[in-house]
Amino acid sequence: MTELLQTILLRVTIAGAVSAMALKLAGGGALKEVVRTAAGLLMLLALLQPLAGLHVLSWNWQGSVSQSDIDEMQARNMQTTMSTVAASIAKAVQQRAEEAGIPCTVNVEMANDADGLLQVDKVTVYYDSADESRLSELQSLLTKECGVPAERQELIAR
C-alpha cells in the first residue's frame, strides 16, 4: 500500500512539473487552453494508472494460488476444526462425568466417516482405579453424550 502511494505521488509530481513547464511555454490563447486540458488529463492519468495496476495485481494473485496450496489450506482448516471440536467434546464429557461423581480425564479423537462427515472416532478415558465399579455408568454416559459405541471407547485406569 505504501508503494502504491509513493508511485501515485511521484507520478503526480512529475505530471505537475511537466504540465507547469508546458503551460509556461504555451503562452496564451487557444494553445494555452489545449495545453491546460492536456495537463489535466495527464494529472488524471498519473493518478489513476497505478490504481488500475492494483486491480490487475489482485486479479493475478488469485490466479497464482495453486490447487495444492488450496488443498493444503483446507487440510489445515479441517485439522484445526477437528482438534477444536474434539477438545470441546472432551471438556463437556469430562465435566458431565465429574458431575456424576466420576473424576476422569477424557481424550477425544475425530475422523471423517465414509460420507466425509466429521464424527467422534474414539474416546479414551483415564479414570481413577477406585471408580472401577462405575465403569458401566461411564460407558453409558459416553454412548449417550457422544454417540460413541462401546467398541470405540477405551477406558484406562490411572
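This text follows the structure it describes.
Below: a short report on this structure. Just so it is clear, the structure is predicted and the values come from calculations on it, not from any experiment.

Describing the overall build of the protein chain
The helix and strand inventory of the protein chain stands at four helices and three strands. The C-alpha radius of gyration computed for the protein chain amounts to 34 Å, which surpasses the reference 15 Å derived for 158 residues by more than 25%, pointing to a less compact arrangement than a globule. Across its three principal directions, the C-alpha atoms of the protein chain cover 105 × 30 × 20 Å. Every one of the 158 residues in the protein chain was classed for burial, and the buried ones make up 21%.

A closer look at the sheet that holds strand S3 (residues 153-157)
Taken in spatial order, the three strands line up as S1-S2-S3 in an open sheet, and their pairing is mixed. This sheet does not close on itself; its edge strands, each paired only once, are strand S1 (104-112) and S3. Averaged over all pairs of adjacent strands, the angle between their axes in this sheet comes to 20 degrees, without regard to strand direction. When strand S2 (residues 118-127) meets S3, the two strands line up parallel, connected through five bridges.

What about helix H3 (residues 67-99)?
Spanning 33 residues, H3 covers 48 Å between terminal C-alpha atoms, matching the ideal 48 Å at 1.5 Å per step. Looking at H3, one finds that the buried residues are Met82, Ala86, Ala90, Val93 and Ala97. Buried positions along H3 lie against S1, S2 and helix H4 (135-146). Immediately beyond the C-terminal end of H3, within one or two residues, lies Gly101, with a positive phi of roughly 90 degrees.

Here's the deal with a nonpolar patch on the surface
On the surface, a cluster of nonpolar side chains totalling about 560 Å² of accessible area is made up of Leu10, Ile14, Val18, Met21, Leu42 and Leu45. When residues of the nonpolar patch are traced back to their parent elements, those giving at least two are helix H1 (2-26) and helix H2 (30-63). The dominant element in the nonpolar patch, judged by the number of residues it contributes, is H1, at four residues. Mapped onto the fold, Met21 is located in helix H1. Residue class for Met21 comes out exposed when judged on its relative accessible area of 55%.

Here's the deal with the pairing of S1
Taken together, the nine bridges between S1 and S2 define a ladder with antiparallel strand orientation. Note that in S2 the partner of Glu109 across the bridge is Lys122. Hairpin connection between S1 and S2: a loop of five residues separates the two successive antiparallel strands, and Gly116 in this loop has a positive phi of roughly 85 degrees.

Regarding the side chain of Gln153
Its location among the elements puts Gln153 in strand S3. From its side chain, Gln153 meets the backbone oxygen of Val148 in a polar contact 2.8 Å long. In this view, Gln153 contacts Val123, Gln139, Leu142, Thr143 and Val148; residues no more than four positions away in its chain are not counted.

Overview of the environment of Ala39
Mapped onto the elements, Ala39 comes out in helix H2. Note on Ala39: relative accessible area 11%, which makes it buried. Between the C-alpha atoms of Ala39 and Pro50, which are eleven residues apart in sequence, the distance is 18 Å.

Rules used throughout
- Residues numbered from 1 in each chain as written.
- Predicted model: local features only at pLDDT ≥ 70, side-chain atom pairs only at ≥ 80, totals over all residues.
- Heavy atoms only, no water.
- Helix = DSSP H or I, 4+ residues; strand = E, 2+ residues; numbered from the N terminus.
- Rg over C-alpha atoms; globule rule 2.2 N^0.38 Å.
- Buried < 20%, exposed > 50% of the residue type's maximum accessible area, 1.4 Å probe, protein only.
- Pairing = 2+ DSSP bridges.
- Axes fitted to C-alpha atoms, helices over the stretch in contact; angles between N-to-C directions.
- Expected span 1.5 Å × (residues − 1).
- Contact = heavy atoms within 4.5 Å.
- Patch = residues over 30% accessible without salt bridge, like charges linked within 9 Å, V, L, I, M, F, W, Y side chains within 5 Å.
- Areas by Shrake-Rupley, 256 points an atom, 1.4 Å probe, with all protein chains shown as cover.
- Salt bridge = Lys/Arg side-chain N within 4 Å of Asp/Glu carboxyl O.
- Polar contact = N/O pair within 3.5 Å; in protein donor to acceptor, adjacent residues only side chain to side chain.

Remember, this is a structural readout, not a statement about activity or role.
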